[in-house]
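# Observations on the three-dimensional arrangement
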Amino acid sequence: MSRDKSNIKPTEAELTLLNILWRMGPATVRQIHETVSQTQTTGYTTVLKILQIMHEKTLVIRDESNRAHVYAPANSEMVTQSSLLKDLVLKAFGGSTSKLVMRALDNSTSKEEIEDIRQLLNELEQQS
């Protein structure tokens, strides 16, 4: 049975490992564990098990050509973020992107971020 990759959403723990892989590039379980251990208390076997599950879910690919398997994200950070964001907009904001943006900008956005957003909106407007 083939899975529809677009419907597979990573858990919080899986996202932690994906963020490491996006930063580091392809890595062994040991390398990933060492990085996770800098901020969390997580056992080596836990990281291994999560990566195995992620491989089954097609969230990562695994190179088994060497003794130490090397894991890499199956999708780019942007593709994964877009998928999660679409899901969030549908589930939490009734499909309204503007509601998401307004909530995201509520009282916690710096002047610099607002200027960056304004610049992005101007660029998007010029493309239309």
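Please read these numbers as outputs of a predicted model, since none were measured by experiment. (Residues numbered from 1 in each chain as written. Predicted model: local features only at pLDDT ≥ 70, side-chain atom pairs only at ≥ 80, totals over all residues. Heavy atoms only, no water.)

### Section: helix α2 (residues 29-36)
Of the positions making up α2, those classed as buried are Val29, Ile32, His33, Thr35 and Val36. Mapping the buried residues of α2 onto a view down its axis gives an arc of 160°, with all of them on the same face. Buried residues along α2 sit against α1 (12-24), β1 (27-28), α3 (44-56) and β3 (70-73). (Buried < 20%, exposed > 50% of the residue type's maximum accessible area, 1.4 Å probe, protein only. Helix = DSSP H or I, 4+ residues; strand = E, 2+ residues; numbered from the N terminus. Arc of directions from axis to C-beta. Contact = heavy atoms within 4.5 Å.)

### Quick look at the nonpolar core
Membership of the largest hydrophobic core comes to 16 residues, with the highest contact counts inside it found for Leu17, Ile32, Leu51, Met54 and Tyr71. Mapped by element, the contributors of at least two residues to this core are α1, α2 and α3. Once residues within four sequence positions are removed from consideration, Leu51 is found in contact with Leu17, Val29, Ile32, Val60 and Tyr71. (Core = buried A, V, L, I, M, F, W, Y, C linked by side-chain atoms within 4.5 Å.)

### Notes on the layout of surface pockets
Of the voids in this model, the largest pocket is the one considered here, and its volume is about 220 Å³. Contributions of two or more residues to the lining of the largest pocket are made by α5 (97-105) and α6 (111-127). When its residues are assigned to classes, the lining of the largest pocket shows eight nonpolar, no polar and no charged. (1 Å grid on protein atoms, 1.4 Å probe; cavity = no way out; pocket = protein on both sides within 12 Å on 5 of 7 lines; lining within 4 Å. Points joined across faces, edges and corners; volume = space filled by probe spheres on them. Nonpolar A, V, L, I, M, F, W, Y, C, P; charged D, E, K, R; others polar.)

### Some details on the pairing of strand β2 (residues 60-63)
The pairing of β2 with β3 spans four bridges and is antiparallel. Note that in β3 the partner of Val60 across the bridge is Pro73. Between β2 and β3, which pair antiparallel and follow one another directly, the connecting turn spans six residues. (Pairing = 2+ DSSP bridges.)

### Considerations on the domain arrangement of the protein chain
Partitioning the protein chain into domains gives domain 1 (12-73) and domain 2 (77-127). The distance between the C-alpha centroids of domain 1 and domain 2 comes to 29 Å. (Domains from an automatic or database assignment.)

### Let's talk about the packing of α2 against α3
Where α2 meets α3, the closest approach of the two axes is 9 Å, and the angle between their N-to-C directions is 120°. Overall, the two elements α2 and α3 adopt an arrangement that is oblique. Seen along the crossing, α2 lies across α3 with a hand that is right-handed. Contacts from Val29, Arg30, Ile32 and His33 in α2 reach Tyr44, Val47, Leu48 and Leu51 in α3. Tallied by class, residues from the contact of α2 with α3 come to six nonpolar, one polar and one charged. (Axes fitted to C-alpha atoms, helices over the stretch in contact; angles between N-to-C directions. Parallel < 35°, antiparallel > 145°, perpendicular 65-115°, else oblique. Left-handed = near helix turned anticlockwise from the far one by under 90°.)

### A short note on the pairing of β3
Two elements, β1 and β3, share two bridges in a ladder whose sense is antiparallel. Along β3, the bridge assignment pairs Ala27 with Tyr71.

### Thoughts on the pattern of salt bridges
Summed over all chains, the structure comprises five salt bridges. The salt bridge partner of Glu115 is Arg118, with a shortest N-O separation of 3.4 Å. Remark: Arg118 and Glu115 occur in helix α6; sequence separation between them is three residues, near one turn of the helix. A relative accessible area of 42% places Glu115 in the partly exposed class. (Salt bridge = Lys/Arg side-chain N within 4 Å of Asp/Glu carboxyl O.)

### As for the environment of Thr28
Inspection of the secondary structure assignment puts Thr28 in strand β1. Measuring from C-alpha to C-alpha, the distance between Thr28 and Asp63 comes to 9.5 Å, with 35 residues separating the pair along the chain. Residue contacts for Thr28: discarding those within four places in its chain leaves Ala68, His69 and Val70.

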